[in-house]
Amino acid sequence: MTEVFGVPIQALFGQLMLGLVNGSFYAMLSLGLAVIFGLLGVVNFAHGAMYMLGAYVAWLGLDGIDVHGMHIQFNFWVALLVGPLVVGLVGVVVEKLLLKRLYKLDPLYGLLLTFGLALIVQGVFLQYYGSSGQSYDTPEALSGATNLGFMILPNYRGFVVAASLVICFGTWFLIERTRLGSLLRAGTENPALVQAFGVNVPLMVTLTYAGGAALAGLAGVLAAPVIQVTPLMGSNLIIVVFAVVVIGGMGSIIGSIVTGLVLGLVEGLTRVFYPEASNVVVFFIMAIVLMIRPAGLFGREK
Amino acid sequence: MDWLGQGVDRAGKIAWIVALAILVVAPFVGVYPIFVAQALCFAIFAMSFNLLLGYTGLLSFGHAAFFGGAAYITAWLLQEKHLTPELAILAGVGAAAATGLVFGMIAIRRQGIYFAMVTLALAYMLSFFFLQASFTGGENGLQGIERGRLLGLIPLEGDLALYFFVLAVFVGVFLLVLRIVHSPYGQVLKAIRENEPRAISLGYEVDRYKLLAFVLSAALAGLGGSLKVLVLHLATLQDVRWEQSGEVILMTLLGGLGTFAGPVVGAFTVVGLQNYLSDRAGAWTTVIIGVIFVLCVVAFRKGFVGELLAWQKRKARKA
C-alpha cells in the first residue's frame with residue numbers, strides 16, 4: 001500500500017475527509033456568527049445550543065413526537081427543512097423578546113445574554129434526554145460508500161461537504177451579490193440612514209438573527225448522522241468555532257468560510273501525525289495568529 | 001451609601017467592621033461554617049474578576065482556568081506531595097499567576113468581544129489538558145483531600161479552625177483589592193476602562209497596565225480556587241469548565257459590577273442559591289441559574305449594590 005510520511009494513504013485521506021466534514025460545520029457555524037455579528041453586533045453564544053437544537057429536531061422527527069395527540073414523524077430530508085425552520089423561529093422569539101433590548105449597550109451584554117440562553121437550553125435538554133449520545137441513522141439514499149481509487153468515501157460525508165459548500169456560497173451570494181444583501185450591508189454601516197430610505201430595519205435585524213440561527217440549525221441536522229446527538233454537542237463545538245472566528249476575523253464572509261474549512265483540514269492532518277494534539281491544535285493556531293496578526297487573517301479591525 | 005461602591009469613607013469603614021463582626025460571630029450562632037467558608041472562596045474569586053471587568057473593563061470568559069487550575073495544583077500537592085497547606089496554596093497561586101501571564105500576553109492583543117472569546121478558548125484548552133493529564137483523576141477529579149496542618153503546626157481539619165483561616169485570608173484579599181483600586185495604579189486602570197485611546201495619548205503603556213491587572217486577577221482567582229480545595233476536600237473538572245467562568249460573571253453582575261461590595265454580595269447570593277437549589281431542584285439548577293443570568297442582563301444590569309447606589313443618588317437629588 002502507498003504511504004506518505006509513513007502513513008498509509010487510505011488513512012491519510014480518510015482523516016482529511018473527516019477533517020473536511022468538521023471544517024464544513026466550522027464554516028457554517030462561523031458564517032452564521034459572522035452574519036449576526038455584522039448586523040447586530042452580538043456574539044451569539046447560543047449558536048452552539050441552536051446547532052444542538054437542530055440535531056434534536058432531526059432526531060425527534062425520526063423517532064416521532066406527539067403534539068396534542070397528533071403523531072408527527074419525518075425523515076432526514078424533511079428535517080433539513082423543519083430543523084432550520086424551528087431554530088429560526090426560536091431565533092425570532094429570542095431577538096424580539098430579549099436581544100432587542102440590548103442594542104444600545106456594550107456588545108458584551110449580548111454575549112452574556114446568549115450565554116445565559118445557552119445554559120437554559122442545554123440544561124433543559126440534559127434534564128429530558130440525559131447526557132448520553134443518541135445515534136441517528138444515515139438516510140437510506142446516502143448510506144454506503146464510493147471507491148474513489150485512492151480512498152473509500154462514505155457517501156454521506158461527501159454529501160455533507162457538498163451541502164455545506166452550497167449553503168456557504170449561497171449565503172455569500174445572498175449577502176454580497178443581491179439587493180437584499182446590499183441592504184443588509186448598508187444596515188451594518190448606518191442603520192439610521194437605511195431606515196430613512198424606508199427599509200424596515202428592525203424587521204431586517206430580526207430576520208438576520210433568525211437566518212443565522214437557522215444556519216446553525218441546518219448544520220445541526222446535517223451533523224446528526226455523523227456524530228452522537230447529545231445536549232453537550234453544541235457547547236463543546238461553539239468554543240472551537242469562537243477560536244475559528246478569532247483566527248479568521250469576523251469582517252469577511254469568505255474569510256470565515258475558508259478559515260473554517262482549512263482549520264478542519266489542519267485538525268484532520270494533526271489527527272494523523274500527532275493525534276494527542278488534534279483537539280487543541282486550533283487553539284495553538286489561534287495563539288500564534290494573535291501574536292503575528294492580532295486582527296485575524298481576514299480581519300479589518302483598526 | 002457611597003461606602004458600598006468605594007469602601008473607604010468613614011461610614012464604609014464602620015460598615016466593613018460590622019460585616020466582619022457578623023462573619024466572626026456567625027459560626028457560633030448556628031450558621032454552618034463550611035457554607036460561609038465556601039461562599040468566601042467564591043467571593044475572593046468574584047472580587048478578582050471584578051478587578052478585571054469592573055475596574056479595567058476587560059471581560060475574561062476564562063477565569064475558571066485560574067480558579068480550577070490552582071485548585072488542581074493545590075489538591076495534587078496536598079495529596080501526593082504532602083505539602084503543608086500554606087505552601088500548596090502558594091504554589092497554586094503561583095501557577096495561576098504564571099498561567100495568567102501567558103494567557104494575558106496572548107489575549108490583550110485583542111479588545112472587547114474578541115478578548116472574551118480568546119480567553120474562553122484558552123481556558124477551554126486548559127480544561128482539556130486537565131481532563132487528559134495523568135495526575136488529575138480524569139472525570140472524577142481529586143477527592144478526599146486532607147487539609148493538613150497550617151505551617152505544620154495548626155491542624156485545619158476542624159471546621160472552625162478552617163473557617164477562621166479562610167476568613168483571615170479573605171480579609172487580607174479584601175484589603176489588598178481595596179488598596180489596588182484606590183492606588184494611583186488603580187486610577188490608571190479606571191482611566192483605561194473609561195477611555196483607552198486617551199489613556200494611551202496621555203503616555204500610559206496601556207498594555208502593561210492591562211497585563212499586570214490580568215496577572216493580579218488570575219493570581220487572586222487562583223487563591224480562591226486553592227482555598228476552596230481545603231474547604232470542600234476536592235478539586236474537579238467542574239472548577240475549570242466554562243460554566244464556572246460564566247458563574248463568576250453572574251456573581252459579579254448580580255452583586256454589582258464595578259462596585260466594591262458587589263462581588264461579595266453576588267458570591268453569597270449565588271452560592272446560597274445553589275446550595276438551596278441542589279437539594280430541591282437537582283439538575284434544574286443550571287436552568288434556573290441561566291434564567292437568572294438572562295433576567296439580570298435584560299433588566300438588572302446594575303446588580304443589587306449598583307441599584308441601591310442608584311436609588312440613593314435619586315433620593316439625594318430629590319432632597
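Each value, and the rule that gives it
Residues numbered from 1 in each chain as written. Chains lettered and ligands numbered in written order. Predicted model: local features only at pLDDT ≥ 70, side-chain atom pairs only at ≥ 80, totals over all residues. Helix = DSSP H or I, 4+ residues; strand = E, 2+ residues; numbered from the N terminus. Rg over C-alpha atoms; globule rule 2.2 N^0.38 Å. Contact = placed C-beta atoms within 7 Å. Nonpolar A, V, L, I, M, F, W, Y, C, P; charged D, E, K, R; others polar. Expected span 1.5 Å × (residues − 1). Buried ≥ 20, exposed ≤ 12 C-beta atoms within 10 Å, placed from the backbone.

1. Considering the overall build of chain B
Then step 1. A tally of helices and strands in chain B yields 14 helices and two strands.
Then step 2. In summary, chain B has a C-alpha radius of gyration of 19 Å against a globular reference of 20 Å for 319 residues, a match within 12%.
Then step 3. Principal-axis analysis of the C-alpha atoms places the extent of chain B at approximately 55 × 45 × 40 Å.
Then step 4. The long-range share in chain B, meaning contacts at least 24 apart out of those at least 6 apart in sequence, stands at 77%.

2. Considerations on the interface of chain B and chain A
Then step 1. In this assembly, 30 residues from chain B lie in contact with 30 residues from chain A.
Then step 2. At the level of elements, helix H6 (112-132), helix H11 (242-255) and helix H13 (284-299) of chain B are the ones that each hand at least two residues to the side of chain B that touches chain A.
Then step 3. In terms of residue class, the side of chain B that touches chain A is built from 24 nonpolar, four polar and two charged.

3. With respect to helix H1 (residues 9-40) of chain A
Along an α-helix, residues three or four positions apart point the same way, because every turn accommodates 3.6 residues.
Then step 1. Counted at 1.5 Å a residue, the expected span for H1(A) with its 32 residues is 46 Å, and the 45 Å between its end C-alpha atoms agrees.
Then step 2. In the segment just after H1(A), Gly41(A) is the residue with positive phi, at about 65 degrees.

4. With respect to the environment of Gln127(A)
Then step 1. With respect to the helices and strands, Gln127(A) occurs in helix H4 (residues 107-129).
Then step 2. Exposure remark for Gln127(A): the 14 C-beta atoms within 10 Å place this residue in the partly exposed category.
Then step 3. Along the chain, Gln127(A) and Pro231(A) lie 104 residues apart, while their C-alpha atoms are 9.3 Å from each other.
Then step 4. Apart from residues no more than four positions distant in its own chain, Gln127(A) is found in contact with Ala283(B) and Trp284(B).

5. A short note on the environment of Val266(A)
All names here are of chain A.
Then step 1. As for its position among the elements, Val266 is in helix H10 (residues 253-273).
Then step 2. Look at Val266 and you get partly exposed, because 17 C-beta atoms sit within 10 Å.
Then step 3. Sequence separation between Val266 and Gly19 is 247 residues; the distance between their C-alpha atoms is 7.2 Å.

6. Comments concerning unusual backbone geometry
All names here are of chain B.
Then step 1. A positive phi is found at His82, a non-glycine position, where the angle reads about 50 degrees.
Then step 2. Within the fold, His82 resides in the loop between helix H4 (64-80) and helix H5 (85-107).
Then step 3. Classification of His82 by C-beta neighbours within 10 Å gives exposed; the count is 10.

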